[in-house]
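One letter stands for each residue in the lines below.
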Amino acid sequence: MPTISIEQLKGYIVSIGLVPGMNSFIQRVALALTLIQGPLVAEWHKNVGEWIDGHHTHDDVPAVWDHFLDEFSTQFQDSQRSQRAMNELRPSK
């Protein structure tokens, strides 16, 4: 399965915004979870799935999607990115 970035997913969601259900923040999270698979993310996927399953229609607010994005970033951000960039800028000895 090809990988997509969270930015590509956000772009896709904007492009299908007129499709019934996709203006739902809960459905956005559910869609994202269908794309996040594999043994290394299984526990996180399960926890987020249970969290989203506990939401109801009256809970469908932008904060649901924002919280998911924050959790995704926290869990999967490249924590070594800035260090690698610094190493690339330093001249070799």
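Anything mentioned here points back to the structure above.
Residues numbered from 1 in each chain as written. Predicted model: local features only at pLDDT ≥ 70, side-chain atom pairs only at ≥ 80, totals over all residues. Heavy atoms only, no water.

## Section: the overall build of the protein
- Per the secondary structure count, the protein includes five helices and zero strands.
- For 93 residues, the compact-globule estimate of 2.2 N^0.38 gives 12 Å, and the protein exceeds it by more than 25% at 16 Å.
- Along the first, second and third principal axes, the C-alpha atoms of the protein reach 60 × 30 × 25 Å.
- Counting only residues that meet the buried cut, the protein has 25% of its 93 residues in that class.
- For the protein, the proportion of contacts with a sequence separation of at least 24, taken over those separated by at least 6, is 58%.
- For the protein, the exposed surface amounts to about 7100 Å²; the carbon and sulfur share of it is 56%. (Helix = DSSP H or I, 4+ residues; strand = E, 2+ residues; numbered from the N terminus. Rg over C-alpha atoms; globule rule 2.2 N^0.38 Å. Buried < 20%, exposed > 50% of the residue type's maximum accessible area, 1.4 Å probe, protein only. Contact = heavy atoms within 4.5 Å. Areas by Shrake-Rupley, 256 points an atom, 1.4 Å probe, with all protein chains shown as cover.)

## Some points on the packing of aromatic side chains
- Under the counting rule described, the total for this entry stands at six aromatic pairs.
- Summarising the aromatic geometry, the rings of W44 and F68 are spaced 6.0 Å apart at their centres and angled 45° between planes, so their arrangement reads as tilted. Here W44, found in helix α3 (residues 42-53), pairs with F68, found in helix α4 (residues 62-76); they are 24 residues apart in sequence, far enough to count as distant. Residue W44 shares its accessibility class with F68, and that shared class is buried.
- Seen in terms of ring centroids, W65 and F68 are 5.5 Å apart; in terms of plane orientation they differ by 20°. Their pairing is stacked. You can see W65 and its partner F68 sitting in helix α4, three residues apart, about one turn around the helix.
- Judged by relative accessible area, W65 falls into the buried class, the value being 7%.
- One aromatic cluster in this structure is built from W44, W65, F68, F72 and F76. (Phe/Tyr/Trp six-rings, centres within 6.5 Å; stacked < 30°, edge-to-face > 60°.)

## A closer look at α3
- Taking 1.5 Å of rise per residue, 12 residues should cover 16 Å, and α3 covers 16 Å from first to last C-alpha, within 8% of that figure.
- Here α3 has its buried residues at W44, V48, G49 and I52. When α3 is viewed along its axis, its buried side chains cluster within an angular range of 130° and face the same direction. Exposed and oriented more than 90 degrees from the buried face of α3 are E43 and D53. (Expected span 1.5 Å × (residues − 1). Arc of directions from axis to C-beta.)

Honestly, it's all geometry; don't read function into it.
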